[in-house]
Amino acid sequence: MAEPKVDLASLSLFRATPAQTEESRRRTFPQWGGTLSQTDYLARDAAMELGEYAKDGKWITCEEQFLTCVFGGRYKRTGLVAYPSSSPSEPNSVHEATCYGVACVFTPPSKRGRGYANHMMSLLHWVNALRANLPKFPEAWGAPPEEVADAGEGLFSVLYSDVGEEFYRSAGPGGKGGGWEKRGAISTIWEVGTEEGGDEGWNWLTEEQLNGLWERDAVRIRKELANMPTSDSSYKVERPAAFATYLPTDGVCEFHITKSTFASNFSMADGFWGVESTSDPGTYASWSVDLRPPPATLIVTRLCASEEMFPGLIAKIKQAARRSGIGRVEVWNLRVGLKEVAEKTGGRTFIRNEHLPQIVWYGPGTTGDVEWAYNDK
């Protein structure tokens, strides 16, 4: 016998208790467990709550009434927003901003097709954003969610969709539409081949050494945002009203390494998860791995290089993959100049139909006016 549909106006969004969080993980295991046992799956998520990316209330599991069994998680992040200067001689105005990453949206099979997940995503805007920046709360939805500690004040949020663009785009804060919009789902992939080279001129980085790299990277990102041109043919937005990005620090890039390797027998050769040029401090990369589904792929999480230095850098990244038994390397959203060089080094660029980057903007203007800068993995 089919379960009756619950009136959406009677539902709201709450911060899950520890017991409800664990129950949500048990229910998602059949779909998301992959090759992990249920014990390892639960242990992985519990362990990840202890990481830098989750401390001090930065990782919250939300639920839309335990009755509907719809679960979601969201990560509080530090980001930067740059507003273009009105004068070509003046730098852009760069500000630190609170932003959010959304993950783990799930509805059990018996509850699907009733709009619960879409409604949860619409309500999530009211947890993440500064409410003064949102439209009037729809009366048909009942009462807005209670304000949650360690939440709110967000200027933008992002997610990566594996169910196409429209589902999240339709889940806006005031009804149909106005949700997360797709930006730059572009990948470049190299097969690693067999070519080997020496290590002279390069410094390999362990996971522990990456924090220093990411801190320097964050400083560089801030400086580059201040000097970004107000218009460029490579932008997804013709003339942005703002540039938005989140930073690689505070465990954001580290998260990918922890999640992808937990309870696996995999390790990078010699424990190296990054590389930097010894002659040019502006040439470096860090990476994670995607082991499931096969074939295993080395995924670059941050990359910085000039057109001249890029061939050498990608050769070192391919070398790290090859030495670790990985057959290919993937980078997201290379800038235009590097795409041309990538093709000459054997890279193949294409538009992805999975892991679609989507963003929603809560500041002045609309999401369509905002350029997502540094849209990496």
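Residues numbered from 1 in each chain as written. Predicted model: local features only at pLDDT ≥ 70, side-chain atom pairs only at ≥ 80, totals over all residues. Heavy atoms only, no water.

J.: How should I be thinking about the overall build of the chain in this particular structure?
T.: A count of helical and extended segments in the chain gives nine helices and 18 strands. For 377 residues, the compact-globule formula gives about 21 Å, and the C-alpha radius of gyration of the chain, at 21 Å, lands near that figure. If one aligns the C-alpha atoms of the chain with their principal axes, the spans along those axes are about 65 × 55 × 35 Å. Of all 377 residues assigned to the chain, the portion counted as buried reaches 52%. Long-range contacts, defined as pairs at least 24 residues apart, comprise 74% of the intrachain contacts of the chain with a sequence gap of at least 6. Counting only carbon and sulfur atoms, one obtains 51% of the accessible surface of the chain, whose full area is about 17,200 Å². When the 40 positive and 49 negative side-chain charges of the chain are each reduced to one mean point, those points stand 4 Å apart. (Helix = DSSP H or I, 4+ residues; strand = E, 2+ residues; numbered from the N terminus. Rg over C-alpha atoms; globule rule 2.2 N^0.38 Å. Buried < 20%, exposed > 50% of the residue type's maximum accessible area, 1.4 Å probe, protein only. Contact = heavy atoms within 4.5 Å. Areas by Shrake-Rupley, 256 points an atom, 1.4 Å probe, with all protein chains shown as cover. Lys, Arg positive; Asp, Glu negative; His and termini not counted. Charge placed at Lys NZ, Arg CZ, Asp CG, Glu CD.)

J.: Help me understand the packing of aromatic side chains, please; the structure alone is not making it clear to me.
T.: For any pair of aromatic rings, the description rests on two quantities: the centre-to-centre distance and the angle between the ring planes. Evaluated as defined, the whole model comprises 13 aromatic pairs. The interplanar angle of 70° and the centroid separation of 5.5 Å between the aromatic rings of Tyr75 and Phe255 together place this pair among those described as edge-to-face. With a gap of 180 residues between them, Tyr75 in strand β3 (residues 71–83) and Phe255 in helix α7 (residues 252–261) connect regions that are remote in the sequence. The exposure classification of Tyr75 matches that of Phe255, with both residues buried. Centre to centre, the rings of Phe266 and Trp273 are 6.5 Å apart; their planes meet at 70°, and the pair counts as edge-to-face. Clustering of aromatic rings is evident, with ring pairs tying together Tyr160, Tyr246, Trp332 and Trp372. Sitting over the face of the ring of Trp332, Arg352 holds its NZ or CZ atom 3.8 Å from the ring centroid. (Phe/Tyr/Trp six-rings, centres within 6.5 Å; stacked < 30°, edge-to-face > 60°. Lys NZ or Arg CZ within 6 Å of the ring centre and 35° of its normal.)

J.: Can you help me understand the packing of helix α1 (residues 18–32) against helix α2 (residues 38–48) in this one?
T.: In helix packing, the relevant descriptors are the interaxial angle and the interaxial distance, both defined with respect to the helix axes. As a packed pair, α1 and α2 sit with axes 10 Å apart at the nearest point and diverge in direction by 125°. Classified by the interaxial angle, the pair formed by α1 and α2 is oblique. Handedness of the α1/α2 crossing: right-handed. Of the residues in α2, those touching α1 at Glu22, Arg25, Arg26, Thr28, Phe29 and Trp32 are Gln38, Tyr41, Leu42, Asp45 and Ala46. (Axes fitted to C-alpha atoms, helices over the stretch in contact; angles between N-to-C directions. Parallel < 35°, antiparallel > 145°, perpendicular 65-115°, else oblique. Left-handed = near helix turned anticlockwise from the far one by under 90°.)

J.: What exactly am I supposed to notice about the pattern of salt bridges here?
T.: A pair can form between side chains of opposite charge whenever their charged atoms are brought close. Under the definition given, this model contains eleven salt bridges. Across the salt bridge formed by Arg323 and Asp199, the nearest N and O atoms sit 3.8 Å from each other. One end of the pair, Arg323, is in helix α8 (residues 310–323); the other, Asp199, is in the loop between β9 (186–191) and β10 (202–206), with 124 residues separating them in the sequence. Where salt bridges share partners, they join Asp199, Lys316 and Arg323 into one cluster. (Salt bridge = Lys/Arg side-chain N within 4 Å of Asp/Glu carboxyl O.)

J.: Any chance you could explain the nonpolar core here in plain terms?
T.: Among soluble globular proteins, nonpolar side chains are generally buried collectively. Counting residues in each nonpolar core, the largest one holds 37 residues, and the members touching the most others are Met268, Trp287, Leu298, Leu303, Phe310, Ile317 and Val329. Top contributing element to this core by residue count: α8, with six residues. When sequence neighbours within four positions are dropped, the list of residues in contact with Leu303 reads Tyr284, Ala285, Phe310, Leu313, Ile317, Val331, Leu334 and Leu338. By size, the runner-up hydrophobic cluster in this structure holds 25 residues, among which are Leu13, Cys62, Leu134 and Val148. (Core = buried A, V, L, I, M, F, W, Y, C linked by side-chain atoms within 4.5 Å.)

J.: I keep staring at the pairing of strand β17 (residues 356–361) and nothing clicks. Help me out?
T.: A regular strand places its side chains on the two faces of the sheet in alternate fashion. In terms of burial, β17 is a largely internal element, six of the six residues being buried. By the alternation rule, side chains of β17 split into Leu356, Gln358 and Val360 and Pro357, Ile359 and Trp361, which are all buried. Bridge analysis of strand β5 (residues 156–161) against β17 gives six bridges, and the strand direction is antiparallel. Looking at β17, one finds that Val158 is bridged to Ile359. (Pairing = 2+ DSSP bridges.)

Function-wise, these values are silent; they only describe arrangement.
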